[in-house]
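Examining the three-dimensional arrangement
The primary structure of each chain is shown beneath.
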Amino acid sequence: MKLKLYQAKLTRQLVVFLLGVSIVPLLVVGYTSPETSKTILQDQVRQNTVELMIKQKDYLDLLLDGIESLIANISSVDDVKKAVLESGGGDDYANLYTQARIGYILSGYRNIRGLVSIDVFSLGGVHYHVGDTLNVNELRREIKEKLFRDAFAAKGAVLWPGIDDNVNANSAHSKVITAAKALYRFDVPSLTEKPVGLILVNYSLENFHDHFSPNQSDPASPMLIVDARNRILFHPDRKLAGSSVNSELISRMRGESGSFVDFINGQDMFIAYSRSVKSGWTLIRLVPLQSLNAKSDAIRNTTLLVMGVCLLLALILARLYSRRIVEPVIQITDSFKALQRGTLDAKMRLPIPDLRNEISELVSWFNAFLDSQAKRRLVEEQLTESRERYLSVINSISEVIFQTDAAGNWSLLNPAWTKITGYDWETSLGRHFIDQVYAEDLKLAQELLNSVLNQQAGFRCTLRFVTQTGGICHVDVYASATVDHAGAVSGMAGTLSDVTERVLQDQELRRAQAASEAANRAKSEFLANMS
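Residues numbered from 1 in each chain as written. Predicted model: local features only at pLDDT ≥ 70, side-chain atom pairs only at ≥ 80, totals over all residues. Heavy atoms only, no water.

Our focus in this paragraph is the overall build of the chain. Looking only at helices and strands, the chain has 12 helices and 15 strands in total. Against the 2.2 N^0.38 benchmark of 24 Å for 531 residues, the chain shows a C-alpha radius of gyration of 66 Å, more extended than a compact globule. Residue burial in the chain is summarised as follows: out of 531 residues, 37% are buried. Relative to all contacts within the chain whose residues are 6 or more apart in sequence, the contacts with residues 24 or more apart total 52%. On the chain, roughly 30,400 Å² of surface is accessible, and the fraction owed to carbon and sulfur atoms is 55%. Placing the 57 positive and 59 negative side-chain charges of the chain at their respective mean positions leaves the two points 3 Å apart. (Helix = DSSP H or I, 4+ residues; strand = E, 2+ residues; numbered from the N terminus. Rg over C-alpha atoms; globule rule 2.2 N^0.38 Å. Buried < 20%, exposed > 50% of the residue type's maximum accessible area, 1.4 Å probe, protein only. Contact = heavy atoms within 4.5 Å. Areas by Shrake-Rupley, 256 points an atom, 1.4 Å probe, with all protein chains shown as cover. Lys, Arg positive; Asp, Glu negative; His and termini not counted. Charge placed at Lys NZ, Arg CZ, Asp CG, Glu CD.)

To continue, consider the packing of aromatic side chains. The tally for this structure, following the rule as stated, stands at 13 aromatic pairs. Measuring from ring centre to ring centre gives 6.2 Å for Phe121 and Phe148, while their planes differ by 65 degrees; the resulting arrangement is edge-to-face. With Phe121 in strand E1 (residues 115-122) and Phe148 in helix H4 (residues 141-153), this residue pair connects regions lying 27 residues apart in the sequence. Judged by its relative accessible area of 1%, Phe121 falls in the buried class. Taking the centre distance of 5.4 Å and the plane angle of 65 degrees together, the rings of Phe148 and Phe152 count as edge-to-face. With Phe148 and Phe152 both in helix H4 and four residues apart, this pair spans about one turn of that helix. Here the aromatic cluster, defined as three or more aromatic residues joined through ring pairs, consists of Tyr59, Trp160, Phe208, Phe212, Phe234 and Trp281. (Phe/Tyr/Trp six-rings, centres within 6.5 Å; stacked < 30°, edge-to-face > 60°.)

With that settled, consider the sheet that holds strand E7 (residues 232-234). Taken in spatial order, the five strands line up as E7-E6-E10-E9-E8 in an open sheet, and their pairing is antiparallel. Sheet topology places E7 and strand E8 (257-264) at the edges, where each strand pairs with a single neighbour. Neighbour-to-neighbour, the strand axes of the sheet open up by a mean angle of 35 degrees, direction not taken into account. Here strand E9 (residues 267-275) runs beside strand E10 (residues 282-288); their pairing, made up of seven bridges, is antiparallel. The residue bridging Ala272 from the neighbouring strand is Arg285, located in E10. Running at roughly 60 degrees to E7, helix H5 (residues 205-212) makes contact with strand E6 (223-226) and E7 of the sheet. (Pairing = 2+ DSSP bridges. Axes fitted to C-alpha atoms, helices over the stretch in contact; angles between N-to-C directions.)

What tends to happen in soluble globular proteins is that the nonpolar side chains get buried as a cluster. In terms of nonpolar packing, the biggest core is built from 46 residues, with Phe208, Ile225 and Trp281 touching the most fellow members. Among the elements that line this core, the one with the most residues is helix H1 (residues 2-75), at 10 residues. When sequence neighbours within four positions are dropped, the list of residues in contact with Phe208 reads Leu60, Leu63, Ile177, Tyr203, Ile225, Leu233, Phe234 and Trp281. Grouped together as the second largest cluster of nonpolar side chains are 24 residues, Ala445, Leu453, Val475 and Ala479 included. (Core = buried A, V, L, I, M, F, W, Y, C linked by side-chain atoms within 4.5 Å.)

This brings us to the sheet that holds strand E14 (residues 472-483). Sheet architecture is open: five strands sit in the order E12-E11-E15-E14-E13, paired in antiparallel fashion. The sheet is open, and its two edges are formed by strand E12 (410-412) and strand E13 (459-466), each paired on a single side. Between one strand axis and the next, the sheet turns through 40 degrees on average, direction left out of account. Pairing of E13 with E14, which is carried by eight bridges, proceeds in the antiparallel orientation. Across the sheet, residue Thr462 finds its bridge partner in E14, namely Asp476.

Looking at the secondary structure, you find Thr133 in the loop between strand E2 (127-131) and H4. Judged by its relative accessible area of 19%, Thr133 falls in the buried class. Here the side chain of Thr133 touches Asn135 through a polar contact of 3.2 Å, landing on its backbone nitrogen. Apart from the residues lying within four places of it in its own chain, the contact partners of Thr133 are Asn168, Asn170 and Ser171. (Polar contact = N/O pair within 3.5 Å; in protein donor to acceptor, adjacent residues only side chain to side chain.)

With that settled, consider the pairing of strand E11 (residues 400-405). Side chains Val400, Phe402 and Thr404 project from E11 onto a buried face, and the interleaved Ile401, Gln403 and Asp405 project onto a face without burial. Looking at chain direction, E11 and strand E15 (residues 489-498) are connected through six bridges and run antiparallel. If you follow Phe402 over to E15, its bridge partner there is Gly494. With two bridges joining them, E11 and E12 adopt antiparallel strand pairing. Bridging across to E12, Gln403 finds its partner in Leu412. Counting the residues in the hairpin turn of E11 and E12 gives four residues, including Gly408, whose phi is positive at 95 degrees.

Across the eight residues of E1, eight count as buried, placing the element largely inside the fold. Pairing geometry for E1 and strand E5 (residues 192-204), over seven bridges, is antiparallel. Its bridge partner lying in E5, Ile118 is registered against Val201. Bridge count between E1 and E2: five bridges; the pairing is antiparallel. When the sheet's bridge partners are listed, Phe121 is paired in E2 with His127. Counted between consecutive antiparallel strands, the loop separating E1 from E2 contains four residues, among which Gly125 sits at a positive phi close to 100 degrees.

Keep in mind these values describe shape, not function.
Laid out in structure tokens, this is it:
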């Protein structure tokens, strides 16, 4: 259980470290990159879209220039001017001739693609017409009169009212794009230009749509063309032509071109626009911010994917790290603890990882350490066994085996000391060896000590020791000096043999011999006296 806990701690630390050095920076980059890319993309799209709208506006102006050139050419034809000024004066034949001649002239300008009709009206009520139909019996008078008023107010400029109902109710094109220009004559008495007629050109909505639909490649980002009265001239959905655009939205479009963001149809829209000075029409491009953010979201999603892969790799690396590094280290740690407690199996060896790195070397050295520990224990066991045998021998012999330090204090004694003197051999350790020497032999004992310690020579003598009971024991002493690793005298060692019985026998023998000799002398003296 502890192994798993330690392993989990180290593995968790590794995972945290990997997260800190790889995942966290990636997370920061992953968070900032989409935001940065979003800003860059929006700026780039804003710039490109505005430039595109300007180009589309230039294309629109080019198309309108063609129609204005047509109107200018028609208004400069003398026959047209004359017909408008005459305003239907003359007989029927002359009027029919004028109609035919003007119709022929106007027919020459119908080569412009998308042109629905050309109409020339005079204030006197004369109407010249060419177009998709020659039936002009039903005219929308209100529209005609409004066109007259607006064209006269334009002071000779071409009027672009935008999309409107066709003046000719019999035309197949009910909705057309209209361009109108007032015709003037110079009034000599008043020295002013006075309006005398109107040139009206109707352009096909379908053809206008075909001009701009190829540029509509993304249905999610529609382009609109709105006339001066906020009515849609072009939309990818043809059905929306003629419908009105929110005036508040148009009011935000200040200047010839620009961009802004607004909330439209439930979503944020990036809006780029460019306005035609010539017609007052506005080209608008609506780009959902969501579509722009989708590209940056792809970066975010890719970053999240990379983060997921990195996290998976971190977990895999953590697992490999745990198996190849953490587990061996934990096993070594636990083995050391078991070794300290004495519960480690002497035959246990850790498996060496199949890695050529420091961990393999560490495990190898640990196993080598266990081998050395096993050898040391074996040697210790052998030494213990030898010491026990040695002590068994020492404890079993009758002689005292001793050692002293350089001061003459007992450092080693065996149980024979107790048998000879009666003093406990263990409690005698540390006491000076002359403490139990008989008073009359103290001088000899001191000479023994000095001779051994100073001359480093062996010494043999017999000393009398006082026993624990106060008696005297005769001890045969043999001592020699001991030296340390530097060769200096560190004390003495030797044996003490109890010779009390022998000394007493010798004394008894000498007394018996003396008595015998005394008896012999007495006998000899008696015999000598008797003779």
